[in-house]
Amino acid sequence: MTLDLSNNLLDGFIPSTLFQLSNLVFIDLSYNKLVGQLTNLNHLTKLEKLLLGFNRINGSIPSTIGHLKTLLALSIHSNFLEGSVPEEIGNLTALVSLDLSQNQLSGPIPPQIGNCFNLEELNLSNNNLQGHIPNQIRKLSLLDRVDLRNNDFSSVVPYNLHGAKYDYDVNPSFYNKDDEVYGGNKNLKSYSCSPLKKNCNLPIFLPITIFVAFFLFGCLLQLLLWRYKVKVNPTSVLQATKNGDLFSIWNYDGKIAYEDIIAATNDFDIRYCIGTGRYGSVYRAQLPSGRVVALKKLHRLEAEEPALDRSFRNEIKFLTEVRHRNIVKLHGYCLHKRCMFLIYEYMERGSLFFMLSDDVQAVELDWAKRVNIIKSTAHALSYLHFECTRIIVHRDISSNNILLNLDLEAFVSDFGTARIIDPDSSNQTRLVGTYGYVAPELAYTMIVTEKCDVYSFGVLALETLVGKHPAKILSLLSEPSSLQNIMLIDVLDPRLSPPTSQLVAQNIVHVATI
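Here the structure is a predicted model, which means the values were calculated and not measured.

A. Representation of the side chain of Ser-281 within the structure. As for its position among the elements, Ser-281 is in strand 20 (residues 280-286). Judged by its relative accessible area of 5%, Ser-281 is buried.

Here is the structure:
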């Protein structure tokens, strides 16, 4: 059941009986003039969204808030709430968004907030919260947006808090606090000691350990060289370092490889740009060795957006862990606040969407090649779902993210929104993906599973056979009886002749009836 009375001129008290309606899933009373206190919330056991922002609600947040185990979004911003944030907030393990900003809350942030593992948005700004920011908040690895401004926090900012940016000062052991997250907290100091500095947190015997390790490594190397009589040609190594073959340079001198990339693209000149994506541009670069690579560069303005920066780093995380012949290979990356880019193997034919959109190139994709594209994508998804140590859900399978090489072989790309499935978590999240490919149930449950990829794959498979997005066919799925009068031959891409090979025809029928 849903109750939406937002954006009206409602005034007076919120009826106490409202919070006794145990079947309510969605309550939105925001942008009104309602007064009163929040009480008896423990009956709302099915509630997923409670939106009460921009009202005149007073009193404190009741401890019974912890009974709302299914709650995904809690927004009570811009009211007159007082008291502390109850520690029972940590019971809301499904919570994705929490906004208590613009109130008169006081006291510390309860450390139990670290139990809200699915939290992506946290806004506690413009209150009177005090004390130090608990270290438990660093456990919230999905945090995308954080706003703790204009409070009275003290001590130091948490190191490496997700959703916050850190700028390095002249002193490499000093981290400037992000004013967009911590501004207005005059007693809050920047993190002044990098955990990588040996004179800060590491034991004093670390230099000795490093020396012994290098000594033993040197002895082992000398032994191997003597045993196998290996002769290293210094000239060849120097030549490789100077001439910038990325795949040998990467292990010798990253700076030279970086300079080669800048030179190959004339500092990312528009002439070398071959496409623009959700958060950056793609460039073609030919290195001095003759090898061609693709560079995905995050625009400088986009790099300042926490969500896009997180997506960029997320892609690095997954592509450095997965290895499959039908998943695009990541050869390297550069992460710097002034220049961020990824280095992929170059896909000469671009995306499947681009090929299908062009009448001439679409004909090159004969039925056998299209079936192989579908099979290759299925193999890649099977690897992510069943063969990785932990289940990985791509969450954005679409024809734009299937790349084709010179032989028209398919490779899954763009892992910016990928996510690991945690068997001990509800795996609830916000809605991501490409419109027209997202599983309908995801919009209602907000629970991500590998089935989300399966639905997207089904849309992709139909698109590959039909030659365009199968929106019309998908609209008929709500009435299965209407599909009985549609012949497969009538919906296949008319730009190709009907398949003549019996095997190919059987494969097409198999794909179409999955």
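B. Focus on the packing of helix 10 (residues 367-387) against helix 12 (residues 450-466). Contact pair helix 10 / helix 12: the axes reach a minimum separation of 10 Å and the direction vectors enclose 175°. As far as their axial angle goes, helix 12 and helix 10 are roughly antiparallel. Side by side, helix 10 and helix 12 meet where Trp-367, Arg-370, Ile-374, Thr-377, Ala-378, Leu-381 and His-385 of the first sit next to Glu-450, Asp-453, Phe-457, Leu-460, Ala-461, Thr-464 and Leu-465 of the second. Grouping the amino acids of the contact of helix 10 with helix 12 by side-chain chemistry returns eight nonpolar, three polar and three charged.

C. Representation of unusual backbone geometry. Despite not being glycine, Gln-102 shows a phi value in the positive range, around 60°. Position of Gln-102 relative to the elements: it lies in the loop between strand 9 (97-99) and strand 10 (106-107). A positive phi is found at Asn-266, a non-glycine position, where the angle reads about 50°.

D. Structural detail: the packing of aromatic side chains. Evaluation of the coordinates by the stated rule reveals three aromatic pairs. Both rings, one in Tyr-31 and one in Phe-54, keep their centres 4.7 Å apart while their planes meet at 20°; by these two values the pair is stacked. Of this pair, Tyr-31 sits in the loop between strand 3 (26-28) and strand 4 (33-36) while Phe-54 sits in the loop between strand 5 (49-51) and strand 6 (56-60); the two residues are 23 residues apart in sequence, bridging distant segments of the chain. A relative accessible area of 39% places Phe-54 in the partly exposed class. Measuring from ring centre to ring centre gives 5.1 Å for Phe-268 and Tyr-283, while their planes differ by 70°; the resulting arrangement is edge-to-face. Within this pair, whereas Phe-268 is found in the loop between helix 5 (254-264) and strand 19 (273-276), its partner Tyr-283 is found in strand 20, the two being separated by 15 residues in sequence. Looking at Tyr-283, the relative accessible area reads 7%, which means it is buried.

E. Expanded view of the sheet that holds strand 26 (residues 402-404). Sheet architecture is open: three strands sit in the order 24-26-27, paired in antiparallel fashion. Here the strands that pair on one side only, and so sit at the sheet edges, are strand 24 (350-351) and strand 27 (410-412).

F. Layout of the confidence of the model for the protein chain. Of the residues in the protein chain, 75% reach a pLDDT of 70 or more, and the chain-wide mean stands at 77. Taken as a whole, residues 192-212 scores under 50 in pLDDT and shows 18 contacts with residues more than four places along the chain or in a different chain. Note that residues 223-256 has pLDDT below 50 and, in this model, 38 contacts with residues that lie over four places away or in other chains.

G. Focus on helix 12. End to end, helix 12 covers 25 Å across 17 residues, agreeing with the expected 24 Å (1.5 Å per residue, within 8%). Residues of helix 12 that are buried: Cys-452, Asp-453, Ser-456, Phe-457, Val-459, Leu-460, Ala-461, Glu-463, Thr-464, Leu-465 and Val-466. One or two positions beyond helix 12, positive phi appears at Gly-467, with a value near 95°.

H. Broad picture of empty space enclosed by the protein. Applying the stated criterion to the full structure yields three cavities of 30 Å³ or more. By volume, the largest cavity is sized at about 80 Å³. Arg-395, Val-432, Val-438, Cys-452 and Ser-456 are, among the 13 residues lining the largest cavity, the residues nearest its centre. Top element by residues in the lining of the largest cavity is helix 12. It accounts for three residues. Taken together, the residues that form the lining of the largest cavity break down as seven nonpolar, three polar and three charged.

I. View of the sheet that holds strand 9. In spatial order, the strands read 1-3-5-7-9-11-13; together these seven strands make up an open sheet with parallel pairing. Only two strands of the sheet have a single partner each, and these edge strands are strand 1 (2-4) and strand 13 (145-147). On average, each strand axis in the sheet is inclined to that of its neighbour by 10°, with strand direction left out of account. With three bridges connecting them, strand 3 and strand 5 associate as parallel partners. Its bridge partner being in strand 5, Asp-28 is matched across the sheet by Leu-51.

Calculation notes
Residues numbered from 1 in each chain as written. Predicted model: local features only at pLDDT ≥ 70, side-chain atom pairs only at ≥ 80, totals over all residues. Heavy atoms only, no water. Helix = DSSP H or I, 4+ residues; strand = E, 2+ residues; numbered from the N terminus. Buried < 20%, exposed > 50% of the residue type's maximum accessible area, 1.4 Å probe, protein only. Axes fitted to C-alpha atoms, helices over the stretch in contact; angles between N-to-C directions. Parallel < 35°, antiparallel > 145°, perpendicular 65-115°, else oblique. Contact = heavy atoms within 4.5 Å. Nonpolar A, V, L, I, M, F, W, Y, C, P; charged D, E, K, R; others polar. Phe/Tyr/Trp six-rings, centres within 6.5 Å; stacked < 30°, edge-to-face > 60°. Pairing = 2+ DSSP bridges. pLDDT = per-residue confidence, 0-100. Expected span 1.5 Å × (residues − 1). 1 Å grid on protein atoms, 1.4 Å probe; cavity = no way out; pocket = protein on both sides within 12 Å on 5 of 7 lines; lining within 4 Å. Points joined across faces, edges and corners; volume = space filled by probe spheres on them.

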